[in-house]
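A look at the structure
Listed here are the chains, written in short residue letters.
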Amino acid sequence: TGDLVDLTIGKLEEVMMEDEILELRVGFCQKHCDNFEEGEENKLIYMQLFQQYQASLERAIVKRLEAEIPGFALESFIKELSHCDDMLDSDVLDLLLSFTDFETFKELMLSHKMEKEGLGLSDLMGVTKAHIFSEEQEQGDLRPDLEGSIRVSSLNLSDSADDVQLSLHKPLIM
């Protein structure tokens, strides 16, 4: 049965990365992410959408596994898998958790909502785009207008691993 679990996990990893499954996940998230809001309180619709998400993805994945593996039975696979914790790749495990763990699902939906609203990771970190001015081309390559926003300084690390200090007192470029 260990070989069957290995085969099933391999097929599961392949199936979960197929366009059909990815499109189903992304499409569902994009369609329903506007229903979600940041915060501790969970609305009833969150659980209803979570159950729809689980059911549709489970149906699609099981259908593909049944087509790929003769005699595949989800219940048997789950039972066998419970004895083989370390066999799943962390990405696959995270994806499976999004099917079974409500909090992971909610985070996924909020992430899609942020992307949809144009708030990517760079926006959250305060990263801004630099402007490039075409009149600078006469004097060489186009360069971003840094407006003094970049300052390179030396980094002094003490010998002790417990006592790491960052020093910004000697500018290398002004």
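Since we're looking at a predicted model, the values are computed, not measured. Sequence order as written defines the numbering, with residues in each chain counted from 1. Only residues with pLDDT of at least 70 get local features here, since the model is predicted, and only at 80 or more are side-chain atom pairs given and counted; chain-wide, interface and lining totals rely on the full set of residues. Calculated side-chain values reflect all of the structure's heavy atoms, with hydrogen atoms and water omitted.

**Digging into the confidence of the model for the protein chain**
Each residue gets a pLDDT score, which is the predictor's confidence in that residue and runs from 0 to 100. On average, residues of the protein chain score 74 in pLDDT, and 59% of them are at 70 or above. Helix and strand labels come from DSSP, where a helix needs a run of H or I of at least four residues and a strand needs a run of E of at least two; each type is numbered from the N terminus. Ranking the elements of the protein chain by mean pLDDT puts helix H7 (residues 121–124) last with 47 and helix H3 (residues 44–68) first with 94. The low-confidence segment residues 121–131, where pLDDT is below 50, has eight contacts with residues more than four positions distant or belonging to other chains. Throughout, a residue-residue contact means that at least one pair of heavy atoms, one from each residue, lies within 4.5 Å.

**A few points about the environment of Met 109**
Looking at the element boundaries, Met 109 is found in helix H6 (residues 102–116). Taking relative accessible area as the criterion, Met 109 reaches 0% and is therefore assigned buried. Between the alpha carbons of Met 109 and Val 26 there is a distance of 9.7 Å; along the sequence they are 83 residues apart. Excluding residues that lie within four positions of it along the chain, Met 109 makes contacts with Phe 28, Cys 29, His 32, Cys 33 and Phe 36. Burial classification: accessible surface area is computed with a 1.4 Å probe over protein chains only, and a residue below 20% of its type maximum counts as buried, one above 50% as exposed, and the rest as partly exposed.

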